Amino acid sequence: MISTFSMLVKMTRPVNIVIAAITLVVGYMLLRHYPDIPVLILQMLGFATAIGFANIQNDILDFESDKLNRPERPLVTGKVSVKTARRACYALAVIMLLCGIGDSIFQNIRFIEIVKDPALAQEFGWMGTVILSFPVWFFALLGALLIAYNRKLKRSPIFKNITVAFLCTTPLLYAVQHFFNFSLSANPEEYMWAIIPAIPFAFLLTIAREIYKDLEDTTGDLKAGIMTFPLVAGDKVARRLAADIIIFTWISLPVPVFFLDKLFGHNYPPVFLAITLVTLTPCFVVAILSAHRKNYRRAQSVTKIAMFLGLIALMVCILLPS
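Everything quoted here is computed from the prediction, not taken from an experiment.

Asks: Please give an account of the pattern of salt bridges that cites residues and values.
Replies: Scanning all chains against the criterion turns up 12 salt bridges. With a shortest N-O distance of 3.3 Å, D59 and R73 are connected by a salt bridge. With D59 in helix α3 (residues 37-61) and R73 in the loop between α4 (63-69) and α5 (74-77), this pair connects stretches of sequence that are 14 residues apart. The buried category is assigned to R73, whose relative accessible area is 14%. Measuring nitrogen to oxygen at the nearest pair gives 3.5 Å for the salt bridge that ties K213 to D217. A relative accessible area of 24% means that K213 is categorised as partly exposed.

Pasting the structure below:
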């Protein structure tokens with residue numbers, strides 16, 4: 001029983017869950033917007049169950065290809081049965097939707113507390129209801145997109161990588177939604193500048209990481225009929241594209257320090273450039289060289305670490321005294 005549970009936890013990809021939770025917190029800190037702890041925990045649980053649901057469903061659908069690509073996975077080794085995995089998948093999907101409902105209830109209660117007059121709150125009408133029920137729609141649509149990805153989209157070269165990259169930015173987008181609903185500022189747009197660099201940064205590095213993942217899985221994907229970008233364009237072209245994305249990201253690191261104010265009126269302090277050059281440059285070099293040596297697992301792991309370090313650097317710079 002305990003062994004099966006631990007294997008199910010492993011199938012949810014706990015590292016990805018932790019990164020999503022940290023990304024959500026980073027998003028709020030960049031916006032200098034701090035929801036109540038119970039609300040934050042509920043939102044983290046929503047993302048955790050969404051990720052767990054998607055990954056377990058993915059393992060069920062990829063059972064045959066994982067015999068070649070990931071022979072160590074619990075379904076392939078028989079440590080978890082497909083029936084048990086399906087039950088866990090359904091349970092996580094239900095919890096995800098319940099988290100959305102719970103957060104919507106919290107948002108409505110918080111809204112009434114701010115307005116201080118239920119009758120006045122009702123004057124916002126159906127539009128207010130739609131806005132404050134955003135968490136329900138968000139997690140329902142997120143679940144639908146995850147199902148669509150596992151069943152259809154992951155068989156579409158490049159589009160699958162873009163979909164995963166978008167999914168990785170959703171904790172940041174969720175933080176933006178909550179900020180706009182409950183910011184006490186008269187002009188919340190003025191505080192958006194800090195989160196702007198985080199979204200394309202996470203998006204680009206996730207695309208590179210997913211290309212490396214596809215490169216690692218070419219044998220099993222070919223057998224399963226999943227036509228990924230490396231299988232369509234060739235390994236060399238795929239490696240070059242991932243490397244170009246990483247290099248472009250590295251070249252773009254000065255943008256938040258020197259050019260962000262042109263559109264958003266604020267820049268990050270120069271220490272951001274110093275931190276990222278010291279921490280990200282080695283990661284990027286290792287990722288590109290590892291891919292060149294066809295060690296794609298290391299390349300994608302190091303790219304994931306680089307994304308995490310970059311988000312932390314943004315957060316640290318925002319917290320530094322002006």
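Asks: Before we move on, can you summarise the packing of helix α14 (residues 235-251) against helix α17 (residues 270-292) with the specific residues and values?
Replies: Helix-helix packing is described using two parameters, namely the angle between the two axes and the distance between the axes. At their nearest, the axes of α14 and α17 sit 10 Å apart, and the two run at 170° to each other. On the basis of the axis angle, α14 is roughly antiparallel to α17. Across the interface between the two elements, R239, A243, I246, I247, T249 and W250 from α14 touch L277, T281, F284, A287, I288, A291 and H292 from α17. Tallied by class, residues from the contact of α14 with α17 come to nine nonpolar, three polar and one charged.

Asks: An account of the side chain of S133 is requested, with residue identities and associated values reported.
Replies: Residue placement: S133 occurs in the loop between α8 (125-132) and α9 (134-151). Within the structure, S133 has its side chain in polar contact with the side chain of W137 (distance 3.0 Å).

Asks: Lay out a nonpolar patch on the surface with the relevant residues and their values.
Replies: Taken together, the side chains of V94, L98, I101, I105 and I109 make up a nonpolar region of the molecular surface, amounting to roughly 440 Å² of accessible area. Along the chain, I109 turns up in helix α6 (residues 82-115). You can call I109 partly exposed: its relative accessible area is 43%.

Asks: Lay out the environment of K236 with the relevant residues and their values.
Replies: With respect to the helices, strands and loops of the structure, K236 is situated in helix α14. Look at K236 and you get exposed, because its relative accessible area is 56%. Along the sequence, K236 and L215 sit 21 residues apart, while their C-alpha atoms lie 9.7 Å from each other.

Asks: Quick one: what's the story with unusual backbone geometry, residue by residue and with numbers?
Replies: Negative phi values dominate among residues other than glycine, just as trans dominates among peptide bonds. Here R13, not a glycine, exhibits a phi torsion of approximately 65°, which is positive. If you trace the backbone, R13 turns up in the loop between α1 (2-11) and α2 (14-31). R13 sits in the buried class, given a relative accessible area of 17%. Of note in this structure, K294 is not a glycine but carries a positive phi near 65°. Here K294 lies in the loop between α17 and α18 (296-319). Overall, the relative accessible area of 57% leaves K294 in the exposed class.

Definitions and limits used
- Residues numbered from 1 in each chain as written.
- Predicted model: local features only at pLDDT ≥ 70, side-chain atom pairs only at ≥ 80, totals over all residues.
- Heavy atoms only, no water.
- Salt bridge = Lys/Arg side-chain N within 4 Å of Asp/Glu carboxyl O.
- Helix = DSSP H or I, 4+ residues; strand = E, 2+ residues; numbered from the N terminus.
- Buried < 20%, exposed > 50% of the residue type's maximum accessible area, 1.4 Å probe, protein only.
- Axes fitted to C-alpha atoms, helices over the stretch in contact; angles between N-to-C directions.
- Parallel < 35°, antiparallel > 145°, perpendicular 65-115°, else oblique.
- Contact = heavy atoms within 4.5 Å.
- Nonpolar A, V, L, I, M, F, W, Y, C, P; charged D, E, K, R; others polar.
- Polar contact = N/O pair within 3.5 Å; in protein donor to acceptor, adjacent residues only side chain to side chain.
- Patch = residues over 30% accessible without salt bridge, like charges linked within 9 Å, V, L, I, M, F, W, Y side chains within 5 Å.
- Areas by Shrake-Rupley, 256 points an atom, 1.4 Å probe, with all protein chains shown as cover.

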